[in-house]
Amino acid sequence: MRDITESNSIVAIRMKEVIREKGLRQASVATKAGFTSQELNDMLNGRRIMRAADIASLINVVKDFGIDANYLFGIEKGA
C-alpha cells in the first residue's frame, strides 16, 4: 500500500503526462478542476499535498479526455 506522499507523487507525474500528451495548458486544467494556476502548479511540483477532494477534481478532468482514473495512480488495467 502506498503512503500519501508516494500516491501524490504518482498522481502528479501522471497528471503532468496527461497535460503534455494531450497538449493542454496547465492553467486551463486548473480552471476546469477548480484550482488556481498556482495551486495546481504547487500540487504538481510537490509544494502542496493533494487532498482526496483535489484528486477527485483531477480525476473528473482526465475522464473528460477518456483517461481511466486508475492511470493517475499508476494502476494499469489487468494489473
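The following paragraphs examine the structure supplied in this document. (Residues numbered from 1 in each chain as written. Predicted model: local features only at pLDDT ≥ 70, side-chain atom pairs only at ≥ 80, totals over all residues. Heavy atoms only, no water.)

Moving on: helix α2 (residues 26-33). Taken residue by residue, α2 has Val29, Ala30 and Ala33 as its buried positions. The arc enclosing the buried residues of α2, seen along the axis, measures out at 100°, which places them on a common side. α2 presents Thr31 and Lys32 as exposed residues on the side facing more than 90 degrees away from its buried surface. Count one or two residues on from α2 and you reach Gly34, which has phi positive near 90°. (Buried < 20%, exposed > 50% of the residue type's maximum accessible area, 1.4 Å probe, protein only. Helix = DSSP H or I, 4+ residues; strand = E, 2+ residues; numbered from the N terminus. Arc of directions from axis to C-beta.)

Within the fold, Asp54 resides in helix α4 (residues 52-63). Here the side chain of Asp54 touches Arg51 through a polar contact of 2.9 Å, side chain to side chain. Look past the residues within four positions of Asp54 in its chain and what remains in contact with it is Phe35, Met43, Arg48 and Ile49. (Polar contact = N/O pair within 3.5 Å; in protein donor to acceptor, adjacent residues only side chain to side chain. Contact = heavy atoms within 4.5 Å.)

The final tally for this structure, using the stated rule, is 6 salt bridges. Here Arg51 makes a salt bridge to Asp54, at a shortest N to O gap of 2.9 Å. Among the charged side chains, a network of salt bridges with common partners joins Glu39, Arg48, Arg51 and Asp54. (Salt bridge = Lys/Arg side-chain N within 4 Å of Asp/Glu carboxyl O.)

Another aspect to go through is the packing of α2 against helix α3 (residues 37-44). Each pair of packed helices gets described by two things: the angle between the helix axes and the distance between those axes. Orientation of α2 relative to α3, taken along the N-to-C sense of each, is 105°, at an axis distance of 8 Å. Between α2 and α3, the angle falls in the class roughly perpendicular. The residues of α3 that touch α2, namely those facing Gln26, Ala27, Val29 and Ala30, are Ser37, Leu40, Asn41 and Leu44. (Axes fitted to C-alpha atoms, helices over the stretch in contact; angles between N-to-C directions. Parallel < 35°, antiparallel > 145°, perpendicular 65-115°, else oblique.)

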